[in-house]
Amino acid sequence: MATYRPGSNTLLKSDSILEYVLDTTVYPREHERLRELRLITQNHPKSFMGSSPDQMQLFSVLLKMIGARNAVEVGVFTGYSLLATALALPDDGRVVAIDVSREYYELGRPVIEDAGVAHKVDFRHGDGLAVLDQLLAGGEGKFDFAYADADKEQYRGYHERLVRLLRVGGVVAYDNTLWGGSVAMPRDTPGSSAYDRVVRDYMVGFNAMVAADDRVEACLLPVADGVTLCRRLNSCMPPSPCYLCLSSVAGEAVTEEHMSMACTKVWRSTMYTPSGFMSSPPEEGQLLSLLLKLTGAKNTIEVGVFTGCSVLATALAIPDDGKVVAIDVSREYFDLGLPVIKKAGVAHKVDFREGAAMPILDNLLANEENEGKFDFAFVDADKGNYGEYHERLLRLVRAGGVLAYDNTLWGGSVALEDDSVLEEFDQDIRRSIVAFNAKIAGDPRVEAVQLPVSDGITLCRRLV
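Now for a quick tour of the structure. (Residues numbered from 1 in each chain as written. Predicted model: local features only at pLDDT ≥ 70, side-chain atom pairs only at ≥ 80, totals over all residues. Heavy atoms only, no water.)

Quick notes on the pairing of strand β6 (residues 216-221)
Two faces make up the sheet, and in a regular strand the side chains alternate between them. Counting buried residues in β6 gives six out of six residues, a clear majority hidden from the surface. Both faces of β6 are covered, namely the face carrying V216, A218 and L220 and the face carrying E217, C219 and L221. Bridge count between β6 and strand β7 (residues 227-232): six bridges; the pairing is antiparallel. Residue pairing across strands places L221 opposite V227, the latter belonging to β7. Counting the residues in the hairpin turn of β6 and β7 gives five residues, including A224, whose phi is positive at 55°. (Buried < 20%, exposed > 50% of the residue type's maximum accessible area, 1.4 Å probe, protein only. Helix = DSSP H or I, 4+ residues; strand = E, 2+ residues; numbered from the N terminus. Pairing = 2+ DSSP bridges.)

Rendered as structure tokens:
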């Protein structure tokens, strides 16, 4: 049963998992000035209004992934998230920062100046809706990224304006869309205040509205208190062909009405196999679909295919002349999903390679033309070889491309003590994943973010 966690920094089942992610992946590379402003914000009496550091790490990667230059932020507080955005933008980038309080912003402004990015910040003091209307008067489609963390009961109004301000392919992010987990619970759940119930009802309605909005492709992530990412579509385009916004993390079942029939069939056929636990779940496929489009991926590679659920999600997301090299030791499982992949009309994009992944990756690398050829890679195979896969995939994926690794929290066991009692299989994988996470955290060739989606997914943006 879900547990209501008002005021918590995480909706994960244990705070120790968040602490592990922060200590392993976030804090070691945190910018010195960002750390300074984070501590100022955390020590403020209204620190609950601040954004979380793992959330800011995600935004930093996203901003660079989409090549953002112009951003807008509704709700600034001390400027912690604003600083994270300004640091991620190029030197000639700009972020319009809107807040009703200049007093809070002034607490962080000296730190923003010390960071050398104050020239990127255009602070607008005033009501969010009014300032957004002023921006719209100057033209639509001028922004690459938007972030809203202000008056929750105004989210609908923000959304209508921000969608128009964003360019096609741009991203708007909304904070607190799970509201302490209350969106997945009865409104009279013990421990919730009258205000919480009001916001809970509003967020349920807002999430449903975004799910039905054919101008965006959305994904609700259980990061911090819930972050909804919306990619702006051309207004005449249909919703995403694979997964739509409603996600099981928001307490709504992912049904055939909310994702393509093809993906539903593959996922269901997978669940009914004895090895169904090996499959990528729908919410993970939804995230991968969104990332593939944000990066403009055309050539991808997947290590570990099983029945092909994630392969299908990838094939549906890439353009018609795109290609996914799918590697697995078993054709038997892949053949279970192949008829559905064919029915979806994307089999021509799939290049299935049967065999051990390491030799196949080495064969790809033997051809120098394959180095830097791929835009995206997804790994969900034998965990003990993640480190070796990483070394090979880094050479195959272009600079700016993305590598995604599944199961990097391994049931939360990575946050346990070394002497914790686990089954031998789980203990072995835990050791491998802990070592791999440490390797990624210390790898200067990538910028990484670890997300609590499904069993943990680590995204690495290749730098060099």
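Having seen the structure, we can now continue with the description.
Points about the sheet that holds strand β9 (residues 323-328)
Pairing in this open sheet of seven strands is mixed, and the strands run β10-β9-β8-β11-β12-β14-β13 from one edge to the other. The strands lining the two open edges of the sheet, one partner per strand, are β10 (350-354) and β13 (446-451). Averaged over all pairs of adjacent strands, the angle between their axes in this sheet comes to 15°, without regard to strand direction. Two elements, β13 and strand β14 (residues 457-462), share six bridges in a ladder whose sense is antiparallel. Bridge pairing in β14 places A448 opposite C460. Sheet contacts for helix α3 (residues 53-65): β12 (397-406), β13 and β14; angle to β13, the most-contacted strand, approximately 130°. (Axes fitted to C-alpha atoms, helices over the stretch in contact; angles between N-to-C directions. Contact = heavy atoms within 4.5 Å.)

Here's the deal with the sheet that holds strand β3 (residues 121-125)
Pairing within the open sheet is mixed, and its seven strands lie in the order β3-β2-β1-β4-β5-β7-β6. A single partner strand is all that each edge strand has here, and the edge strands are β3 and β6. When strand polarity is set aside, the average angle formed by the axes of neighbouring strands in this sheet is 15°. Note that strand β5 (residues 166-175) and β7 share five bridges and pair antiparallel.

Looking at the pairing of β5
Most of β5 is tucked away, with eight of its 10 residues classed as buried. In this sheet, β5 lies alongside strand β4 (residues 143-148) in parallel orientation, the contact comprising five bridges. Among the inter-strand pairings, F143 is bridged to a residue of β5, identified as L166.

Remarks on the pattern of salt bridges
Inspection of the entire model under this criterion finds 34 salt bridges. The salt bridge involving D201 is made with R200; its shortest N-O contact spans 2.9 Å. When the shortest N-O distance is used, the salt bridge between R398 and D375 registers 2.7 Å. Taken together, the residues R398 in strand β12 and D375 in strand β11 (residues 374-379) connect sequence positions 23 residues apart. Beyond isolated ion pairs, a larger network of salt bridges with shared partners links R102, E106, R109 and E113. (Salt bridge = Lys/Arg side-chain N within 4 Å of Asp/Glu carboxyl O.)

Brief notes about helix α12 (residues 331-343)
Residues separated by three or four positions in an α-helix point in the same direction, a consequence of the helix having 3.6 residues per turn. Taking 1.5 Å of rise per residue, the 13 residues of α12 would be expected to cover 18 Å, and the 18 Å separating its terminal C-alpha atoms lies within 8% of that figure. The largest bend in α12 comes to about 40°, at G337, with the proline P339 one to four residues further on. G345 occupies a position one or two residues after α12 and carries a positive phi of about 80°. (Expected span 1.5 Å × (residues − 1). Bend = angle between axes of the 7 residues up to and from the residue.)

Details of unusual backbone geometry
In this structure, A224 takes a positive phi of about 55° despite not being glycine. Note that A224 resides in the loop between β6 and β7. For A224, a relative accessible area of 9% translates into the label buried.

Here we look at the nonpolar core
Burial of nonpolar side chains together is a common tendency in soluble globular proteins. With 57 residues, the main nonpolar core has F59, F145, L229, F376, L451 and I457 as its most contacted residues. Top element by residues in this core is α3. It accounts for seven residues. Each of domain 1 (31-232) and domain 2 (259-462) accounts for three or more of the residues forming this core. With 38 residues, the next largest nonpolar core counts L12, L396, Y405 and V446 among its residues. (Core = buried A, V, L, I, M, F, W, Y, C linked by side-chain atoms within 4.5 Å. Domains from an automatic or database assignment.)

What is shown is where atoms sit, not what they do.
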